[in-house]
Amino acid sequence: MNTATDGTSANGPAAFAAFTELHHPSDGVPLLLPNAWDHASAQALAAQGFRAIGTTSLAVAAAAGLPDGTGATRAETLLLARRLGAGPYLLSVDAEGGFGDDPAEVAELARELADAGAVGINLEDGRTDGTLAPVELHAAKIAAVKAAAPHLFVNARTDTHWLGGEHATGTASRLDAYQQAGADGVFVPGLSDPSLIAGLVRNVDVPLNILYSPSGPTVAQLGDLGVRRVSLGSLLYRAALGAAMGVAADIGAGRPVGGSGFGDVPTYAQVQSLSTRRPAPNPGRADGQSVSTSPK
C-alpha cells in the first residue's frame, strides 16, 4: 500500500477523501492530472510536485505492441498499476471500457486495481467500431465498480465528442445517467468549446474532467468555466516519443543536437535515482553486484 506525498495511504477511505478533495479546490484551480506510462515517468512527475498521477492506455498498449482501446491490455494495465502502486502519489488508472462488457468482470478488475494501490479508475463508453456502449450497460459497470470498490474514484468518460456528429447531442443525458449510477466524476475528452463546457458544468453534480488541448482553453480558463480536473492523456508520452525521434534524426543527419527542452534531459544518474527498488543479486557474481553499471 503506497503513501502519497502528504502521508496519506494511497488506497482506502483516507486516500479516496484526499483524491476527492483535489477535485474541489478552494482556489478554483482545477486538478491537473499528468499521465505516466512507466515507473520512471511517474516518479519524475511526482518529483515535480504532482500529488496525483494517471496512466494512459495508449502508452500501455503501444509498449506491448497492441492497439489502444480494443480491450487487449487488461494484464498490462494491471501490471503497470502494481508497479506504480507503491509510489508517493495518488494513482488513477485508465482502464479503457473495463476490458469487458460483464459488469461483474469489470468489478473484479476494480478490486484488483484497488488492491494494487490505485485510488481512481477511468471507464470509457467509446468502442473501437465508432459506436458508444449502451448507456444502461456503462451505468451498470459504474455501479458494479462502486459496489466492489467503494473507495475507488470512478471517473466516467463519455466519447460523445470524440465521435462527434449526432453523438454529441447525447452528452448531457449520458453524464446524468453515469452520475446517477455512482460516478464520482465525469470526463468528456474532445470537448473544447467554452460555452458547451460551461453548460455541462451547470448540469452535473460531480466534478467535470476535460482533456487538455494545446490549442486551448488553458487550464486557468477551464477553471474559470468550472472544470475541476484537467487530464493530459497521452500528450506527455507522445511528446517524449517525438523528442526521442527528433534527437535521433538530428544525430543521423549530422545536425547539432538541441532544440526545445533538450537542456532538461535528465542524466543517467538522475534516472537511476528514480528507481526505489533494488535489483535482485546477480547470480553471475559472487558478491551479488551487477555485472555492468555503465550507462546504456
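See above for the structure.
Residues numbered from 1 in each chain as written. Predicted model: local features only at pLDDT ≥ 70, side-chain atom pairs only at ≥ 80, totals over all residues. Heavy atoms only, no water.

## Focus on the nonpolar core
In step 1: Membership of the largest hydrophobic core comes to 33 residues, with the highest contact counts inside it found for Tyr89, Leu113, Ile121, Leu123, Val145 and Leu152.
In step 2: Mapped by element, the contributors of at least two residues to this core are helix H2 (39-47), helix H4 (74-84), strand E4 (90-94), helix H5 (103-116), strand E5 (118-124), helix H6 (135-148) and strand E6 (153-157).
In step 3: By residue number, the principal contributor to this core is H5, which donates six residues.
In step 4: Leu191, Ile197, Leu200 and Ile210 belong to the second-largest nonpolar core, a separate cluster that totals 13 residues. (Core = buried A, V, L, I, M, F, W, Y, C linked by side-chain atoms within 4.5 Å. Buried < 20%, exposed > 50% of the residue type's maximum accessible area, 1.4 Å probe, protein only. Helix = DSSP H or I, 4+ residues; strand = E, 2+ residues; numbered from the N terminus.)

## Regarding the pattern of salt bridges
Oppositely charged side chains may form a pair once their charged atoms are brought near each other.
In step 1: Taken as a whole, this structure holds 10 salt bridges when the rule is applied.
In step 2: The closest approach of N and O atoms between Glu124 and Arg157, which form a salt bridge, is 3.3 Å. Remark: Arg157 occurs in strand E6 and Glu124 occurs in strand E5; sequence separation between them is 33 residues.
In step 3: Given a relative accessible area of 10%, Glu124 falls into the buried group.
In step 4: One salt bridge connects Arg174 with Asp125, and the closest N-O pair in it is separated by 3.2 Å. Taken together, the residues span a long stretch of sequence, with Arg174 in helix H8 (residues 171-180) and Asp125 in the loop between E5 and H6 at a distance of 49 residues. (Salt bridge = Lys/Arg side-chain N within 4 Å of Asp/Glu carboxyl O.)

## Section: the layout of surface pockets
In step 1: The calculated volume of the second largest pocket comes to roughly 670 Å³.
In step 2: In this structure, the second largest pocket is lined by 41 residues; those nearest its centre are Arg157, Trp162, Pro189, Leu211 and Gly233.
In step 3: Those elements that place two or more of their residues in the lining of the second largest pocket are strand E3 (52-55), helix H3 (57-63), E4, E5, helix H7 (160-163), strand E8 (208-211), strand E9 (229-231) and helix H11 (235-252).
In step 4: Among the elements that make up the lining of the second largest pocket, the one with the highest residue count is E4 (three residues). (1 Å grid on protein atoms, 1.4 Å probe; cavity = no way out; pocket = protein on both sides within 12 Å on 5 of 7 lines; lining within 4 Å. Points joined across faces, edges and corners; volume = space filled by probe spheres on them.)

## Examining helix H9 (residues 194-203)
In step 1: Taken together, the buried positions of H9 are Ile197, Ala198, Gly199 and Leu200.
In step 2: Those residues of H9 that are buried are in contact with H8, E8 and helix H10 (219-225). (Contact = heavy atoms within 4.5 Å.)

## Some points on the packing of H6 against H8
In step 1: Between H6 and H8, the shortest axis-to-axis distance is 8 Å and the interhelical angle comes to 30°. Considering their axes alone, H6 and H8 lie roughly parallel with respect to each other. Of the two elements, H6 crosses H8, and the hand of that crossing is right-handed. Here Val135, His138, Ala139 and Ile142 of H6 lie close against H8, whose contacting residues are Arg174, Ala177 and Tyr178.
In step 2: Within the contact of H6 with H8, the residues separate by chemical class into five nonpolar, one polar and one charged. (Axes fitted to C-alpha atoms, helices over the stretch in contact; angles between N-to-C directions. Parallel < 35°, antiparallel > 145°, perpendicular 65-115°, else oblique. Left-handed = near helix turned anticlockwise from the far one by under 90°. Nonpolar A, V, L, I, M, F, W, Y, C, P; charged D, E, K, R; others polar.)

## Overview of the sheet that holds E3
In step 1: Strand order in the open sheet formed by nine strands is E1-E9-E8-E7-E6-E5-E4-E3-E2, and the pairing between neighbours is parallel. Of all strands in the sheet, those bounded by a partner on one side alone are strand E1 (31-33) and strand E2 (35-36).
In step 2: Pairing between E4 and E5: four bridges, direction parallel. Paired with Asp94 across the two strands is Asn122, which belongs to E5.
In step 3: Against the sheet, H5 touches E4 and E5, its axis set at about 150° to E5. (Pairing = 2+ DSSP bridges.)

## Here we look at the side chain of Asp159
In step 1: Along the chain, Asp159 turns up in the loop between E6 and H7.
In step 2: Given the relative accessible area of 5%, Asp159 is considered buried.
In step 3: Each residue touching Asp159, except ones within four places of it in the same chain, is listed here: Glu124, Asp125, Gly126, Leu132 and Pro189.

## Remarks on the pairing of E5
In step 1: The element E5 is extensively covered by neighbouring structure, given that seven of its seven residues are classed as buried.
In step 2: Since E4 and E5 lie parallel, the crossover through H5 that links them has a hand, and here it is right-handed.
In step 3: Note that E5 and E6 share five bridges and pair parallel. Of the residues in E6, the one forming a bridge with Leu123 is Ala156.
In step 4: After leaving E5, the chain enters H6 and then returns to the sheet as E6, a path that is right-handed. (Right-handed = clockwise from strand over helix to strand, strands pointing away.)

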